[in-house]
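Listed below are the residues making up each chain.
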Amino acid sequence: MEVLVAGANGKTGRLIVQNLEAAGHTAHAMVRKEEQKSEMEMMGANPILADLEGDVGQAVKGKDAIIFAAGSGSSTGSDKTKSVDRDGAINLMQATENFGIKKFVMLSAMAADNPERGPEELKFYLQMKGEADEYLRGTELDYTIVRPGALTDEEPTDNIQVGKEVERGSVPRADVAKTMIQCLEEQSVFHKTFEMVSGDTPIEEALRSL
């Protein structure tokens, strides 16, 4: 598949880009800054300069699937959280539909449907993620919404636990990246929203249980 990765320069986005080729796909890395393009090329991706807060039509055109792994970051204010995590995601969904692309994999967050379950400092972020997820569920896209627990930089285990709700825990970013890539073609997760943490079940098997 020709796969566009929004947020390709983020920690999880980079891992998605790196793992796409190994999974037999072509990575198209959406970045906001010219100086980020050369690093994406070194990872084997085709860099595309675009901003989620602007016109993303040329970025999605000709792709088979979209992975949204962007985030406003912990150092930004609520205005940026709203414009990237909610409005930017919706902007990308609308462009995806406009160009007739069907598959959209969303990196969300545990408790996005119920921010009260999350830490106080993350409640607005979770609210924005939840509103973006809700919009996605109302589209005609073959969406999958992946909601990991706390992200770590540990080595991948390739084993996870998934469910509509799971007990709060952590998961390596690399396992999240592999899970999102697996969601591109695993039809059992089309039109599904699930939470995930580290577990004892191989990724492919865990997804097929949903």
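Residues numbered from 1 in each chain as written. Predicted model: local features only at pLDDT ≥ 70, side-chain atom pairs only at ≥ 80, totals over all residues. Heavy atoms only, no water.

**Section: the sheet that holds strand β2 (residues 26–31)**
Within a sheet, neighbouring strands are paired by backbone hydrogen bonds and run either parallel or antiparallel to one another.
Next, step 1: Within the open sheet, the 9 strands sit side by side as β3-β2-β1-β4-β5-β6-β10-β8-β11. Their pairing is mixed. Edge strands, defined here as strands with exactly one partner in the open sheet, are β3 (46–49) and β11 (201–202).
Next, step 2: Across 4 bridges, the pairing between strand β1 (residues 2–6) and strand β4 (residues 65–68) is parallel. Following the sheet pairing, Ala 6 is matched in β4 by Phe 68. (Pairing = 2+ DSSP bridges. Helix = DSSP H or I, 4+ residues; strand = E, 2+ residues; numbered from the N terminus.)

**Quick word on helix α1 (residues 11–22)**
Next, step 1: For α1, the full list of buried residues reads Thr 12, Gly 13, Ile 16, Val 17, Asn 19 and Leu 20.
Next, step 2: Gly 24 sits one or two positions beyond α1 and adopts a positive phi of about 90°. (Buried < 20%, exposed > 50% of the residue type's maximum accessible area, 1.4 Å probe, protein only.)

**Comments concerning the nonpolar core**
Next, step 1: Judged by nonpolar contacts, the single largest core of 33 residues is most densely connected at Ile 16, Val 17, Leu 20, Met 180, Leu 184, Phe 194 and Met 196.
Next, step 2: With 4 residues, helix α6 (residues 173–182) is the single largest residue contributor to this core.
Next, step 3: If we ignore the near neighbours within four places in the chain, the residues touching Ile 16 are Val 5, Ile 67, Ala 69, Ala 177, Met 180 and Ile 181.
Next, step 4: One finds Leu 4, Ile 66, Leu 92 and Ala 95 within the second-largest nonpolar core, a separate group that totals 26 residues. (Core = buried A, V, L, I, M, F, W, Y, C linked by side-chain atoms within 4.5 Å. Contact = heavy atoms within 4.5 Å.)

**With respect to the pattern of salt bridges**
Next, step 1: Counting across every chain of the model gives 18 salt bridges.
Next, step 2: The closest approach of N and O atoms between Asp 113 and Arg 147, which form a salt bridge, is 2.9 Å. Placement of Asp 113 in the loop between β5 (103–107) and α5 (123–137) and of Arg 147 in strand β6 (residues 142–148) is noted, with a sequence separation of 34 residues between them.
Next, step 3: In this structure, the salt-bridge partner of Asp 153 is Arg 173, at a minimum N-O distance of 3.1 Å. Pair noted here: Asp 153 is in the loop between β7 (150–152) and β8 (159–163) and Arg 173 is in helix α6, with a separation of 20 residues, a long-range link.
Next, step 4: Taking the relative accessible area as the measure of exposure, Asp 153 reaches 57% and is therefore exposed.
Next, step 5: Sharing partners across several salt bridges, the network here consists of Asp 113, Asp 133, Glu 134, Arg 137 and Arg 147. (Salt bridge = Lys/Arg side-chain N within 4 Å of Asp/Glu carboxyl O.)

**Points about the environment of Phe 104**
Next, step 1: Counting through the fold element by element, Phe 104 comes out in strand β5.
Next, step 2: For Phe 104, a relative accessible area of 0% puts it in the buried group.
Next, step 3: Distance from Phe 104 to Lys 33, taken between C-alpha atoms, is 24 Å for residues 71 residues apart in sequence.
Next, step 4: Ignoring any residue separated from it by four or fewer positions in sequence, one finds Phe 104 in contact with Ile 66, Phe 68, Ala 89, Leu 92, Met 93, Thr 96, Leu 136, Leu 141, Asp 142, Tyr 143 and Thr 144.

**A few points about unusual backbone geometry**
Next, step 1: One non-glycine residue, Ala 111, adopts positive backbone phi at about 75°.
Next, step 2: Here Ala 111 lies in the loop between β5 and α5.
Next, step 3: Here Ala 111 falls in the buried class, since its relative accessible area comes to 2%.
Next, step 4: The backbone of His 191 sits at a positive phi, close to 60°, despite the residue not being glycine.
Next, step 5: Turning to its location among the elements, His 191 is positioned in the loop between α6 and β10 (192–198).

**Observations regarding the packing of helix α4 (residues 78–98) against α5**
Next, step 1: The geometry of α4 relative to α5 is characterised by a closest axis approach of 9 Å and an angle of 10° between their N-to-C directions. With respect to each other, α4 and α5 are oriented roughly parallel. Here Ser 78, Thr 81, Lys 82, Asp 85, Arg 86, Ala 89, Ile 90, Met 93 and Gln 94 of α4 come into contact with α5, specifically with Phe 124, Tyr 125, Met 128, Lys 129, Glu 131, Ala 132, Tyr 135 and Leu 136.
Next, step 2: Of the residues contributing to the contact of α4 with α5, the split by class is 9 nonpolar, 3 polar and 5 charged. (Axes fitted to C-alpha atoms, helices over the stretch in contact; angles between N-to-C directions. Parallel < 35°, antiparallel > 145°, perpendicular 65-115°, else oblique. Nonpolar A, V, L, I, M, F, W, Y, C, P; charged D, E, K, R; others polar.)

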